[in-house]
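Inside the fold
As a plain string of letters, each chain reads:
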Amino acid sequence: MKGHNTFNWFKLILTRDLTIAFRRSSSYLTPLIFFLIVITFFPLALGPQESLISSLAPGVIWISALLSSLLAVEGIFSEDDRDGTLDQYFLSNEPPFLLVFSKVLCHWLICGAPILLASILGSFMLFLPNGVLVPLLMSLFLGTFFMSLLGALGAALSLGKSAILSTIIVLPFSIPTLLMGTSIMTLAINEQDYSGYLQIMGAMLAVGVPGLCILTVEAILLRYE
Amino acid sequence: MSYILKAKDLNCYRSGNTIFQGLNFEIDSGSNIEVIGSNGSGKTSFLRILLGFIPDYEGLVHWSGNEENIDVRYQEKSCFYQGHQTGIKPLLSVYENLKFSSSGFSSSRALIHDSAIRVGLENHLNTPASELSAGQKKRIAIARWLLKDFDLYLVDEPFTALDDEGCDLIKAVMSELNKKGSSFLITGHRNSLLDTEKLILDDLK
């Protein structure tokens, strides 16, 4: 019975946060539009040389995906913190770990998932060769989810402080994701085996989900020290 | 009668200043205490100390049912806390605000309807909270008290922004919950309309 209630609780916070996010359209449109603008501007700036653009494409897609998934990061906890909801969560005797995970999942759904879809369009605009789309989507899925986890940690650490702080905290930790993501793309373009990198990214996510969520809970609790 | 929560020789400090000292109190089930003090006398700090949100204090805080010497943060408490910020989401409707409130996570539709009727918001169930007045938002907050039975309700200044009718509503809801054995610890600036035991923080400087 207790387990059922806890799952129900998780489902309700997620539904609540998604409902709020969909009513405030800027929350999911801003990262998406930012991503699309960067992707569109690159070919415009570089000129119509197909080979040049396609060789730069992995880096362009990855950098814009990482940056746009950081756009909405500081809002992950700040609103609940300001209006007192966070206090009520911490008194509700439900595991705070699940609260953090639902926040991360919600951030990925409104930020990472649209970028994933937009990257399909991006792969055509940047002349990525056929057959690269699958590794692109797989690595972007793992990478953006990891970014949402890191973003939640940054947001928790910067609660009540300046918003730019969360981005500065998170950016250095996104470098491994960026390196592996672009390597996967380069290997896939050269038709080489990229599964090793994909496995490392998967492993990072598998460790990151429990590890970073627990760290985030601790970071939120610092607010009460 | 058995107590729900007690504090002994409680001293509160914030950034080096003594806010209040030597506070002793005990609250029994089914009874209310009103904490009165001027601005900055530590009303909110007092509530947050009891909840384990602030570590700047000395003394004993004990929630019934726990061992005495455990840190407040780790004591199990059945309580509802409503601060100055009530956690009402402007983009959600009245119904959604009640459904998704941390006290209402397991409430049935019927219970939510009943509590909305109780606070006079039955015609606004689908109105976004952003379109309601400050007093009506306070009423959503009151409706949340009815969603689940807690041992103790800690409410920070519930009477602000409410009309006379709203104040009567709070009194009625409180006595209704008192009958179920719940207690209230509420704060205010001045002697309010409530006929309860008072705790005057200004005397504890």
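Above this text is the structure in question.
One structure accompanies this document, and this report is about it. Small disclaimer: the values here were computed from a predicted structure and weren't measured.

Turning our attention to the state of the cysteines. Residues and elements named next belong to chain A. Applying the stated criterion to the full structure yields 0 disulfides over all chains. Considering cysteine sulfurs only, cysteine 106 is the nearest to cysteine 111, which forms no disulfide, with 10 Å between them. For the unlinked cysteine cysteine 213, the closest cysteine sulfur is that of cysteine 106, found at 13 Å. Since its relative accessible area comes to 0%, cysteine 213 is described here as buried.

Now for the side chain of glutamine 75 of chain B. Residues and elements named next belong to chain B. Its location among the elements puts glutamine 75 in the loop between β4 (57–63) and β5 (79–82). A relative accessible area of 3% places glutamine 75 in the buried class. Within polar-contact distance, the side chain of glutamine 75 engages the backbone oxygen of isoleucine 70 at 2.8 Å. Among all residues touching glutamine 75, those that are not within four sequence positions of it are Val61, His62, Trp63, Asn66, Glu68 and Ile70.

This paragraph deals with the interface of chain A and chain B. On the chain B side, the residues contacting the 24 residues of chain A number 25 residues. Here chain A and chain B share an interface that buries about 2,200 Å² over both sides, 59% of which is from carbon and sulfur atoms. On the chain A side of the interface with chain B, the three residues burying the most area are Leu12, Gln88 and Leu91 of chain A, jointly 30% of the side's total. One can count 5 salt bridges joining chain A with chain B. One salt bridge connects lysine 89 of chain B with glutamate 79 of chain A, and the closest N-O pair in it is separated by 3.6 Å. On inspection of chain A and its partner chain B, the count reaches 7 residue pairs in polar contact (both at pLDDT 80 or more). Every element with two or more residues in the side of chain A that touches chain B is listed here: α1 (2–23), α4 (75–82) and α5 (85–91) of chain A. In terms of residue class, the side of chain A that touches chain B is made up of 7 nonpolar, 8 polar and 9 charged.

Another point: the packing of helix α2 (residues 26–46) of chain A against helix α6 (residues 96–125) of chain A. Residue and element names in this part refer to chain A. Where α2 contacts α6, the axes come no closer than 9 Å and their chain directions differ by 20 degrees. Judged by the inter-axis angle, α2 sits roughly parallel to α6. Between α2 and α6 lies a crossing of right-handed hand. Residues Ser27, Tyr28, Pro31, Leu32, Phe35, Leu36, Ile39, Thr40 and Pro43 of α2 lie in contact with α6, whose contacting residues are Ile110, Cys111, Pro114, Ile115, Ala118, Ser119, Leu121, Gly122 and Met125. Grouping the amino acids of the contact of α2 with α6 by side-chain chemistry returns 14 nonpolar, 4 polar and no charged.

All names here are of chain A. Scanning the entire structure with this criterion turns up 18 aromatic pairs over all chains. Ring centres 6.4 Å apart and planes at 50 degrees place the aromatic pair phenylalanine 141 and phenylalanine 145 in the tilted group. Note that phenylalanine 141 and phenylalanine 145 are positioned in helix α7 (residues 133–157) at a spacing of 4 residues, about one turn of the helix. On the basis of relative accessible area, phenylalanine 141 is assigned to the partly exposed category, the value being 35%. Here phenylalanine 145 falls in the buried class, since its relative accessible area comes to 7%. An aromatic cluster is present here, built from Phe10, Phe101, Trp108, Phe141 and Phe145 joined pairwise through their rings.

What counts as what
Residues numbered from 1 in each chain as written. Chains lettered and ligands numbered in written order. Predicted model: local features only at pLDDT ≥ 70, side-chain atom pairs only at ≥ 80, totals over all residues. Heavy atoms only, no water. Disulfide = S-S within 2.5 Å. Buried < 20%, exposed > 50% of the residue type's maximum accessible area, 1.4 Å probe, protein only. Helix = DSSP H or I, 4+ residues; strand = E, 2+ residues; numbered from the N terminus. Polar contact = N/O pair within 3.5 Å; in protein donor to acceptor, adjacent residues only side chain to side chain. Contact = heavy atoms within 4.5 Å. Buried area = accessible area lost by both parts, 1.4 Å probe. Salt bridge = Lys/Arg side-chain N within 4 Å of Asp/Glu carboxyl O. Nonpolar A, V, L, I, M, F, W, Y, C, P; charged D, E, K, R; others polar. Axes fitted to C-alpha atoms, helices over the stretch in contact; angles between N-to-C directions. Parallel < 35°, antiparallel > 145°, perpendicular 65-115°, else oblique. Left-handed = near helix turned anticlockwise from the far one by under 90°. Phe/Tyr/Trp six-rings, centres within 6.5 Å; stacked < 30°, edge-to-face > 60°.

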